[in-house]
Amino acid sequence: MKTPLVTELDHDPELFDPARFEQAVAASGSVALAFRQVMEQADAILNQRFRQLENIKLIIRRRAWVMDQLLKRLWSELSCARCPDIALLAVGGYGRAELHPHSDIDLMILLRRENSDAGYQEDLSTFVTQLWDLGLEVGHSVRTLEQCVNLARDDITIATNLLESRTLCGDPSLAEEMQTLTGPEHIWDPRSFFTAKCTEQIARHNKFSNTEYNLEPDIKSAPGGLRDIQNIGWVAKRHFDIQRLSDLISFGFLTADEYDLLNSGQLFLWEVRYALHLITGRGENRLLFDYQRAVAEMLGYRDSEAVLAVEKFMKRYYRVALSISQLNDMLLQHFDEAILRADEPELITPINRRFQ
């Protein structure tokens, strides 16, 4: 049985308490107004924890957990919430239960078949409009099972988003059926998926001159950025059906030390991204000169007699980006052998008596 992405560790009554929320609903007379109030309070608490340099993984996961609770409560007000043929899913980064201050909240309303939403269109429209009115960065789609298959077959990005979906509301078996129909047995087998993701990565790296050492790096998309780590996870999940990078240790693709290096790099980049979002007030992923000093200060770097805080911070960034890039390259080579060349005979070339 797979471990759920959102666990008891993510629950935090200081951030969201159902009884207090219902009191806020009663006081305001509106679920949406109570939603806004609770989210603002939770953000203030989480941002303060971040400034105190608490665990970034817990911060972004608990922010996703709070959003889960609020969306479930808002959804429960709709008449379609009782329809067994409609489910609300988190996809993309939100599907991974990662939510930074200005991350997109990617949602999919999944229908069992065409016209499953008959009589509920106004409900669904109201739901999405409420989210926009609340100022949330929402990306949404409404799709049937058949549409998911057709769209994912033609678009690797959609296939990847569906790979990371999780059910927020509705019958979980609906999402499970979607996962099966869009799984590697039907579309994007591990070979074609791996090839497509490698092609994507090469094109993405080329946009940044294929180097980790840009003076104003994009911490998400540049070589050595978060996308490189996610790419490893996507390929691993498609091939091995795993949810966590640490599972690659048991498959012999990572040593414990290599995983620790990859994990610590991801945590650092999450901290940088969170700081960028707070400083800029938007979903900024570019570490521009204008922000570097402020990010360094927010992450606890201080000037010394010999080195400025911003120099210490940027040196750390480049070391992390280089290590992630190297691990990404190594793992994709391993995947190439395990996925693309698994059936090829080994070609062993003797060099001398001791080496081959």
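Residues numbered from 1 in each chain as written. Predicted model: local features only at pLDDT ≥ 70, side-chain atom pairs only at ≥ 80, totals over all residues. Heavy atoms only, no water.

Engineer: Can you lay out unusual backbone geometry for me, pointing to particular residues and giving the numbers?
Structural biologist: Of note in this structure, A97 is not a glycine but carries a positive phi near 65°. Turning to its location among the elements, A97 is positioned in the loop between α4 (92-95) and β2 (105-111). Of note, the phi angle at N210 is positive, near 55°, even though the residue is not glycine. Note on placement: N210 falls in the loop between α9 (190-206) and α10 (226-240). (Helix = DSSP H or I, 4+ residues; strand = E, 2+ residues; numbered from the N terminus.)

Engineer: I'd like to hear about the packing of aromatic side chains, residue by residue, with values.
Structural biologist: In this structure the tally under the stated criterion is 12 aromatic pairs. Between F240 and F335 the ring centres are 6.3 Å apart and the planes differ by 50°, which places this aromatic pair in the tilted class. Remark: F335 occurs in helix α14 (residues 309-340) and F240 occurs in helix α10; sequence separation between them is 95 residues. The exposure class of F240 is buried, given its relative accessible area of 16%. Among the aromatic residues, ring-to-ring pairing joins F240, F251, F253 and F335 into one connected group. The ring centre of Y94 lies 5.1 Å from the NZ or CZ of R166, which sits over that ring. (Phe/Tyr/Trp six-rings, centres within 6.5 Å; stacked < 30°, edge-to-face > 60°. Buried < 20%, exposed > 50% of the residue type's maximum accessible area, 1.4 Å probe, protein only. Lys NZ or Arg CZ within 6 Å of the ring centre and 35° of its normal.)

Engineer: Explain the side chain of H100 to me, and be specific about the residues and the numbers.
Structural biologist: Inspection of the secondary structure puts H100 in the loop between α4 and β2. The buried category is assigned to H100, whose relative accessible area is 1%. One polar contact links the side chain of H100 to the main-chain carbonyl oxygen of W270, over a distance of 3.3 Å. Setting aside its immediate chain neighbours within four residues, H100 contacts I60, R63, W270, R273, Y274 and H277. (Polar contact = N/O pair within 3.5 Å; in protein donor to acceptor, adjacent residues only side chain to side chain. Contact = heavy atoms within 4.5 Å.)

Engineer: Describe the packing of helix α1 (residues 18-28) against helix α2 (residues 31-51), with residues and values.
Structural biologist: Pairs of packed helices are described in terms of their axes, by the angle between the two and the distance that separates them. It is the contact of α1 with α2, at a shortest axis distance of 8 Å, that shows an interaxial angle of 130°. Relative to α2, α1 is oriented oblique. As α1 packs across α2, the resulting crossing turns out to be right-handed. Facing F21, A24, V25 and S28 of α1, the residues of α2 in contact are V31, L33, A34, F35, Q37 and V38. Broken down by class, the residue content of the contact of α1 with α2 amounts to 8 nonpolar, 2 polar and no charged. (Axes fitted to C-alpha atoms, helices over the stretch in contact; angles between N-to-C directions. Parallel < 35°, antiparallel > 145°, perpendicular 65-115°, else oblique. Left-handed = near helix turned anticlockwise from the far one by under 90°. Nonpolar A, V, L, I, M, F, W, Y, C, P; charged D, E, K, R; others polar.)

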